[in-house]
Amino acid sequence: MSQPGTWREFVARVHANDPLITEFDVETAGEELQFEEEDECDEVTALNSILEALKGNTHVHTFNATSAGMVSEHALLLAEVLQGPVPLATVCLSCNEIGGIGAVAIAKAVANHATLASLDLASTAMGDAGAVAVGVALQTNTTITWLNISNNSIGAGGIVAIADALHRNTSLITLKIGGCNPGTKGIGAIAEMLKVNTTLRFLQMNSIFMSLEQIKLLCEGLKVNSGLTELDLTNDRLGDDGVCEVAAALATNTSLVDISLSVNQMTDESARALAAALMGNTTLQRINLTKNSIGDEGAMALADVIKANATLKQLRLMRNSINTQGATALLAALKLNVSVTLLCLAQNGIIKDQIVCEMAAVLADPVRAAWAAGEVDTKPACELPIADAAAEKRARVEQAEP
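Here we summarise the structure given alongside this text. As the structure is a computational prediction, the values presented were derived from the model and not from experiment. Along each chain, residue indices are assigned from 1 in the same order as the chain's sequence is written. Note on the predicted model: pLDDT of at least 70 is required for a residue's local features to be given, and 80 or more for side-chain atom pairs to be given and counted; whole-chain, interface and lining totals, by contrast, use all residues. The basis for every side-chain value is the complete set of non-hydrogen atoms in the structure, without hydrogens or water.

### Here we look at the overall build of the protein chain
The criterion, for reference: In this text, helices come from DSSP runs of H or I with a minimum length of four residues, and strands from runs of E with a minimum of two, each type numbered from the N-terminal end. Only protein chains enter the accessibility calculation, which uses a 1.4 Å probe; a residue whose area is less than 20% of its type maximum is buried, one above 50% is exposed, and one in between is partly exposed. By the convention used here, residues are in contact when the closest approach between their heavy atoms is within 4.5 Å.
The number of helices and strands found in the protein chain is 15 helices and 12 strands. Within the protein chain, buried positions represent 55% of all 402 residues. Pairs at least 24 apart in sequence give 83% of the contacts found in the protein chain among residues at least 6 apart.

Here is the structure:
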């Protein structure tokens, strides 16, 4: 937004196609623009006026209406805007109640849109109807690279439509479908998509409570997928059995660089299985195992990975059950490894302060990476860069010595 003034002035400038105005953010507008008494402008009227003004605009490329109180009426107006000359590249409508009607209208408008690259429809109550319409749009759209439809009560029908579209779509790079309820049919469709799609790079599937049968289906797709580099399975309640299936997939997958298995009820059993799989993996660089129940045995197995694996760079083990024994094994492994630059052990069990200090010092070694920064303290609130954490720990140890 450029040159704050009154709301009426801003809308007039958008309507007049002022080239200095290239984006609209409802939160920023509320903070920077003055509403005069004669405007009589409530939230609904304000959105209507800006959407009407955008219809002939050729300069605005970003429209952010997160938590703006949008309903289907506004979505229908935005759909009209998207069919006009405005070169929108980013549209964010998350946390609004546009419903299925609004989402369908938006989806139809973007089916052949020439500039839209990012579309955020998370938490918009779109349901299956909206997701199916988005799937149809993805069949023909060639510009959208980032799509978020999380937390929309989407069932199997919507997920199947999205997955089927990605057999053909070659532009989408990021897909977020967390909080949906795809069922076995939906997970199967995603797995089949992963077997053939080589364009998708980031798939977020957090808070999808999959059965063991469903995770096995997904892993069949992961085993042969060659395009995905980031996978988020946070809070999917996989348990040890589910994580063991993911581990087996990682043993053969050759594209994943980053995976999150945090909040998945992991214990030492699945940590050992994951460690065994990683012994032969040469692509995975970042692993997030935060908030599980991994203890010393699991930590020691992962320490063996650090010794043998030259690809791994970051390992997050915050909020587990690792004590001094496991931390000692991890420290010994770090001393033999030059690739790991981040090892997070915050909020674990009892770890001797000296172990934490040594670990910080090892990770702060400039041989690893100048930018290395990570949380290795056991203090819940510590956010110090690794070098600062090391210095703080050294000072604390020195002060404790006689």
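### Thoughts on the pattern of salt bridges
Using the following cut-off: When a carboxyl oxygen of Asp or Glu lies within 4 Å of a side-chain nitrogen of Lys or Arg, that pair is called a salt bridge.
In total, this model carries 9 salt bridges according to the counting rule given. Between Arg13 and Asp18 there is a salt bridge, with the nearest N and O atoms lying 2.8 Å from each other. Across the pair Lys195 and Glu192 runs a salt bridge, and its minimum N-O distance is 2.9 Å. Of the two residues, Lys195 and Glu192 are both situated in helix 8 (residues 183–196); the distance of 3 residues between them amounts to about one turn of the helix. Residue class for Glu192 comes out partly exposed when judged on its relative accessible area of 41%. Several salt bridges share partner residues, and in doing so they unite Glu52, Lys55 and Glu80 into one network.

### Thoughts on unusual backbone geometry
Positive phi is not limited to glycine here, since Arg237 has a value of about 55 degrees. As for its position among the elements, Arg237 is in the loop between strand 8 (230–232) and helix 10 (239–250). Judged by its relative accessible area of 48%, Arg237 is partly exposed. With phi around 55 degrees, Val263 is a residue other than glycine that occupies positive phi space. Residue Val263 is classed as partly exposed on the basis of its relative accessible area of 27%.

### A closer look at the packing of helix 11 (residues 268–278) against helix 12 (residues 296–308)
How we decide: Lines fitted to C-alpha atoms define the axes, with helix axes restricted to the stretch in contact, and inter-axis angles between N-to-C directions lie between 0 and 180 degrees. Put simply, angles under 35 degrees are roughly parallel, angles over 145 are roughly antiparallel, angles from 65 to 115 are roughly perpendicular, and the rest are oblique. Note that Gly is not counted as nonpolar here; it falls among the polar residues with everything else outside the nonpolar set of Ala, Val, Leu, Ile, Met, Phe, Trp, Tyr, Cys and Pro and the charged set of Asp, Glu, Lys and Arg.
Contact pair helix 11 / helix 12: the axes reach a minimum separation of 8 Å and the direction vectors enclose 5 degrees. Here helix 11 is positioned roughly parallel relative to helix 12, judged by the angle of their axes. Seen from helix 11, the contacting residues are Asp268, Ala271, Arg272, Ala275 and Leu278; seen from helix 12, they are Asp296, Glu297, Gly298, Ala301, Leu302 and Val305. Residue classes in the contact of helix 11 with helix 12 are distributed as 6 nonpolar, 1 polar and 4 charged.

### A closer look at helix 12
To keep it simple, the criterion reads: An expected span of 1.5 Å times one less than the residue number is assigned to each helix.
Between the first and last C-alpha of helix 12 there are 19 Å, a value that for 13 residues agrees with the 18 Å anticipated at 1.5 Å per step. Taken together, the buried positions of helix 12 are Asp296, Gly298, Ala299, Ala301, Leu302, Ala303, Val305 and Ile306. The inward-facing, buried residues of helix 12 abut helix 11, strand 11 (314–316) and helix 13 (324–334).

### Quick notes on the environment of Thr174
Structurally, Thr174 can be placed in strand 6 (residues 174–176). Judged by its relative accessible area of 10%, Thr174 is buried. Separated by 28 residues in sequence, Thr174 and Trp146 have C-alpha atoms that sit 4.7 Å apart. Discounting chain neighbours no more than four positions away, the residues touching Thr174 are Thr145, Trp146, Leu147, Leu200 and Phe202.

### What about helix 8?
With 14 residues, helix 8 ought to run about 20 Å at 1.5 Å a step, and its terminal C-alpha atoms sit 21 Å apart, in line with that. Where helix 8 is buried, its residues touch helix 7 (156–165), strand 7 (202–204) and helix 9 (212–224).

### Some details on the sheet that holds strand 3 (residues 90–92)
To keep it simple, the criterion reads: DSSP bridges decide pairing: two strands pair if at least two such bridges lie between them.
An order of 1-2-3-4-5-6-7-8-9-10-11-12 is seen for the 12 strands of this open sheet, with the pairing classed as parallel. In this open sheet, the two edge strands, each paired with only one partner strand, are strand 1 (23–25) and strand 12 (342–344). Ignoring which end each strand starts from, the neighbouring axes of this sheet average 5 degrees apart.

### Some words on the side chain of Asn64
As a reminder of what qualifies: Polar contact is defined as a pair of N or O atoms within 3.5 Å, subject to the rule that within protein one atom must be able to donate a hydrogen and the other to accept it, and that residues adjacent in sequence are counted only when both atoms are side-chain atoms.
Looking at the secondary structure, you find Asn64 in strand 2 (residues 62–64). There is a polar contact of 3.2 Å between the side chain of Asn64 and the side chain of Asp25. Look past the residues within four positions of Asn64 in its chain and what remains in contact with it is Phe24, Asp25, Val26 and Cys92.

### Things to note about the packing of helix 10 against helix 11
When two helices pack together, their arrangement is given by the angle between the helix axes and the distance between those axes. With their axes 8 Å apart at the nearest point, helix 10 and helix 11 run at an angle of 0 degrees to one another. In terms of their interaxial angle, helix 10 and helix 11 are classed as roughly parallel. Residues Asp240, Asp241, Val243, Cys244, Ala247 and Leu250 of helix 10 pack against Glu269, Ser270, Ala273, Leu274 and Ala277 of helix 11. Across the contact of helix 10 with helix 11, the residue classes break down as 7 nonpolar, 1 polar and 3 charged.

On their own, these measurements won't tell you what the molecule is for.
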